[in-house]
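Here's the letter readout for the chains.
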Amino acid sequence: MAIVNNAPRTASPLVEVRNVRHIYGKSGASGLLVLDNVDLTLQDNEIVGLLGRSGSGKSTLLRSIAGLIKPTEGTVAFPPVADCAPTSVSMVFQSFALFPWLTVLENVEVGLEAKRVPKDERRKRALAAIDLIGLDGFESAYPKELSGGMRQRVGLARALVVDPSILLMDEPFSALDVLTAETLRTDLLDLWFEGRMPIKSILMVTHNIEEAVLMCDRILVFSSNPGRVVAEIKVNLTQPRNRQSPAFRALVE
Ligand code: ADP
Ligand code: MG
C-alpha cells in the first residue's frame, strides 16, 4: 500500500542568507572579494544543491552558514520554527576531515565533546550513529584502515551524532569512485525518506550535475568572481516528499 502525501508543503524557512559579502584578507583593493550579495533560503524538508565552478566561493558560503567563519557583511539567520528546538547545523567535508590518531568511535564522539555530553551518553549516541550509517563492527578501526567510502560514513556519523536539523555537505562524494559514491548517496537518501535521521533539510555543494538532479529538489547555480546565486533549477525527478505525512510516519515508526 503506497501512501503519498500530495498536500502542498507550506514553506517554512530554516536558514535565511541575506546580502552576504565576504572578502578574504584586507578589505579594499588588496582583499579578495569571494561572495557578493548572496541571498539564499533553505526551507524545511528540502534538499538543495549548490553548483558552481571551483573557486567561486561555495565552501566559503557553507562555512558561513555553519558559523565557522563570519561573513564580512550580511546576515545568516535561523528563524525559529514553532514547537521545535533551535535549528542546529552539521557539516560533512570532501576530504572527510577525520583525526587519523582516533578510532571510528572516538572520531564520532568528537562531534559531541563540545556539547559537554557526559561520557556514557556520548558513547551510546556515537554507537547509535555508527549503526545507523552502516559502520557496525568498525568501531575500533582507524581511518587509515578504511576505504574512502567508509571514511565518509564516519564523517556522516560524526555530523549526525549531534542530531542536527540541517546537514551541510561540501562535495561529500567527489573523492569517491563512482560506485561507492552511488551506494553512499542511496543509503543517505533511504535514511532521509524513511525519516530515520533528525535532518530536516540538506544543502550540498556538488560538481556533479547528475548527482544534483538525482538528489535535490532545487539546484542553485553559483557565478564566479564574485560568487552569487544567479539561477535556480527546480527538479521534479525525486520521490514525493512524504516524511511529514502522519500516515507515512505511522508506517515507518
Ligand atoms: P569553492 O568552494 O567554490 O571552490 P572557496 O570558497 O573554497 O570556493 O574559495 C573561494 C576563493 O577564496 C578562492 O579563490 C580561494 O582561493 C579563496 N579562499 C578560500 N579560503 C581562503 C582563505 N582562508 N584565505 C584566503 N583566501 C581563501
Ligand atoms: Mg569548495
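Structure: see above.
Criteria and cut-off values
All residue numbers refer to positions counted from 1 along the written sequence of the respective chain. Chains carry letters from A onward and ligands carry numbers from 1 onward, assigned in written order. The model is predicted, so local features are restricted to residues of pLDDT at least 70 and side-chain atom pairs to those at 80 or more, both for listing and for counting; the totals for chains, interfaces and linings are taken over all residues. The numbering of helices and of strands both runs from the N terminus, where a helix is a DSSP run of H or I of at least 4 residues and a strand a run of E of at least 2. Around each residue's C-beta, the other C-beta atoms within 10 Å are counted; 20 or more make the residue buried, 12 or fewer make it exposed, and counts in between make it partly exposed. All C-beta atoms are placed from the backbone. C-beta atoms are first placed from the backbone for all residues, and any pair lying within 7 Å is then listed as a contact. By this rule, a helix spans an expected 1.5 Å times one less than how many residues it contains. The arc in question is formed by the directions pointing from the helix axis toward the C-beta atoms. Pairing between two strands requires that DSSP report at least two bridges joining them. Angular values range over 0 to 180 degrees, each being the angle between N-to-C directions of two axes fitted as lines to C-alpha atoms, with helices fitted over their stretch in contact. Residues are counted as near a molecule or strand when the C-beta atom, derived from backbone positions, lies within 6 Å of that molecule or strand. Here the nonpolar group is Ala, Val, Leu, Ile, Met, Phe, Trp, Tyr, Cys and Pro; Asp, Glu, Lys and Arg are the charged ones; every other residue, Gly included, is treated as polar. A clockwise course of the path from the first strand over the helix to the second, judged with the strands pointing away from the viewer, identifies a crossover as right-handed.

Asks: What am I meant to see in the overall build of the protein here?
Replies: Each helix and strand in the protein was counted, giving 7 helices and 9 strands. Out of the 253 residues in the protein, the part that is buried amounts to 35%. When contacts within the protein are restricted to residue pairs at least 6 apart in sequence, those whose partners lie at least 24 apart make up 75%.

Asks: Before we go on, may I ask you to explain helix H3 (residues 119-132) in this structure?
Replies: With 14 residues, H3 extends 20 Å from end C-alpha to end C-alpha; this agrees with the ideal 20 Å at 1.5 Å per step. Every buried residue of H3 is accounted for by Arg122, Ala126, Ala129 and Ile130. Considered in projection along H3, the buried side chains sweep an arc of 100° and stay on one side of the axis. Opposite the buried face of H3, at more than 90 degrees from it, the exposed residues are Asp120, Glu121 and Lys124. Those residues of H3 that are buried lie in contact with helix H2 (104-113) and helix H4 (148-160). Backbone geometry just downstream of H3 places Gly134 in the positive-phi region, at approximately 85°.

Asks: Please clarify how the sheet that holds strand E2 (residues 32-43) should be interpreted in this entry.
Replies: Strand pairing in a sheet relies on backbone hydrogen bonds, with the paired strands running either antiparallel or parallel. With antiparallel pairing, the 3 strands of this open sheet are ordered in space as E2-E1-E4. Bordering the open sheet on either side are E2 and strand E4 (73-77), each of which pairs with just one other strand. On average, each strand axis in the sheet is inclined to that of its neighbour by 15°, with strand direction left out of account. Across 8 bridges, the pairing between strand E1 (residues 13-24) and E2 is antiparallel.

Asks: Hey, could you run me through helix H1 (residues 58-66) in this one?
Replies: Residues that lie three or four places apart on an α-helix share one face, since the helix turns once every 3.6 residues. For H1, the full list of buried residues reads Lys58, Ser59, Leu61, Leu62, Ser64 and Ile65. Within two residues after H1, Gly67 carries a phi angle of roughly 80°, on the positive side.

Asks: Sorry if this is basic, but what is going on with the site of ligand 1 here?
Replies: Around ligand 1, a shell composed of Tyr24, Leu32, Val34, Gly52, Ser54, Gly55, Ser56, Gly57, Lys58, Ser59 and Thr60 is seen. Sorting the residues of the shell around ligand 1 by element identifies E2 and H1 as the ones contributing at least two each. Ranked by residues supplied to the shell around ligand 1, first place goes to H1 with 3 residues. Across the shell around ligand 1, the residue classes break down as 3 nonpolar, 7 polar and 1 charged.

Asks: Would you take a moment to explain the pairing of strand E6 (residues 166-170) for this structure?
Replies: Walk down a regular strand and you will see the side chains alternate between the two sheet faces. Most of E6 sits out of view: 5 of its 5 residues are buried. Side chains of E6 alternate between two faces, with Ile166, Leu168 and Asp170 and Leu167 and Met169 buried alike. Bridge count between strand E5 (residues 89-92) and E6: 4 bridges; the pairing is parallel. Each bridged residue has a counterpart across the sheet, and for Val89 the counterpart in E6 is Ile166. Pairing of E6 with strand E7 (residues 201-206) involves 5 bridges; the strand directions are parallel. From the neighbouring strand, Ile166 faces E7, where its bridge partner is Ser201. At this point the chain moves from E6, through helix H5 (residues 178-193), to the parallel E7, and the crossover so formed is right-handed.

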